[in-house]
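Descriptive structure summary
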Amino acid sequence: MTPLAPLITSFLRDYMPCQRGYSPRSCETYAVSFKLLFDFAAKRTRTRPSQLSIEQLDEALIVDFLTHIERERRNGVATRNLRLAAIKAFMRYVEYRVPSALEQIGRIKAIPIKRHDQKLVRHLTMEEIRAILNAPNLATRLGVRDRAMMHLCFAAGLRVSELVGVLTANVSLQHAPSVMVQGKGRKERCLPLWKETARDLRAWLALRGPVRVPELFVNAEGAPMTRAGFEYVLDKHARAAAESCPSLCGHTVSPHQLRHSCAVIMLQATHDIRKVALWLGHADLRTTEVYLRMDPSEKLEAVEAVIPPELRRGRFKAPDALIASLLADTALPP
């Protein structure tokens, strides 16, 4: 039996960051996938994660794991495919180091990506955004921080990983306020800020205090803000905003919905999908095209630009027998 621990350790700590040049955020995302997999495999085999072997991760266990995260954890198909992609990447690494497992790895690599319905992504209206941004108590330090975080996430259309990774040194609040962020693929982009967003950031920097971490946003203990921490903050204020904005009642607001909302508003203002793609940091324009399906005004312009065919007009005249039957059906019993 081939121990699994040395393989996954070298994959996450040497192969991905050093040989392939993956960013720390990408390595963290892969690590989450394997944590879920090893927890599931340990319960299935009634052993500890550190005692698992590569032979125990066969095709049947992987398929059961994918079913588990869909049914038990209520993850979507997109998340299921993401976990499968991480497992296949690890198996491609293992096949060069454990030749005896080639047949087993081949069966795992043959597990297909699952197709799924591509529904319209939900975005927030400007009224809902305003209600959420007005929810924090600006008389407190954490309230000022929360307003600045949520405002920057929306105004710049940031991913949550980009938001919590913003460095104080990369924020310029001079004559032309801007922020530089590092997105997927470690591509940097510099984004101008609204004066209202810059005002909230200045208020937070005035209260941030002498913390030792370079990140712009920190938690109550002075440590860098985490993804889970921002999700908690946003959910808390979204529930508070539902009291003044009924359309938020019963809805869960995710950080990515702030990004979607920024994209839709920018598309409606510019009518240029390329500018939206540059703003969001999309490498492929096809990724941004989802917002074209969300915005009905784009389709309305297409409808108004086309001259409909001229058709012969007619008028329907019901026969006497039909009218008599309708009257008979509606007649009240004596």
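Note that the coordinates shown come from a computational prediction; the quantities given were computed from them, not determined experimentally.

The sheet built from 3 strands is open, its strands ordered β1-β2-β3 with antiparallel pairing. Pairing within the sheet leaves two strands with one partner each, and these edge strands are β1 (171-172) and β3 (188-192). Bridge count for β1 against strand β2 (residues 178-182) is 2 bridges, and the pairing is antiparallel. Within β2, the residue paired with valine 171 across the bridge is valine 179.

A few words now on the side chain of arginine 145. Here arginine 145 lies in helix α7 (residues 141-156). We classify arginine 145 as buried; its relative accessible area is 5%. Only 3.1 Å separates the side chain of arginine 145 from the backbone oxygen of valine 218, close enough to count as a polar contact. Setting aside anything within four residues of it in sequence, one finds arginine 145 in contact with Trp204, Phe217, Val218, Asn219, Ala220, Met225 and Val233.

This part is about the pattern of salt bridges. A full pass over the atoms with the stated rule returns 14 salt bridges. Among the salt bridges present, the one from aspartate 39 reaches lysine 35, with a minimum N-O distance of 3.3 Å. On the criterion of helical spacing, the pair formed by aspartate 39 and lysine 35 is a turn pair, its members being 4 residues apart in helix α2 (residues 24-45). The class for aspartate 39 is partly exposed, based on a relative accessible area of 31%. Of the charged contacts, one joins glutamate 162 and arginine 159 as a salt bridge, the two residues approaching to 2.4 Å between their closest N and O atoms. Exposure class is identical for glutamate 162 and arginine 159. Each is buried. Beyond isolated ion pairs, a larger network of salt bridges with shared partners links Glu70, Arg80 and Lys114.

The rules we used
Residues numbered from 1 in each chain as written. Predicted model: local features only at pLDDT ≥ 70, side-chain atom pairs only at ≥ 80, totals over all residues. Heavy atoms only, no water. Pairing = 2+ DSSP bridges. Helix = DSSP H or I, 4+ residues; strand = E, 2+ residues; numbered from the N terminus. Buried < 20%, exposed > 50% of the residue type's maximum accessible area, 1.4 Å probe, protein only. Polar contact = N/O pair within 3.5 Å; in protein donor to acceptor, adjacent residues only side chain to side chain. Contact = heavy atoms within 4.5 Å. Salt bridge = Lys/Arg side-chain N within 4 Å of Asp/Glu carboxyl O.

Distances and angles like these do not, on their own, reveal function.
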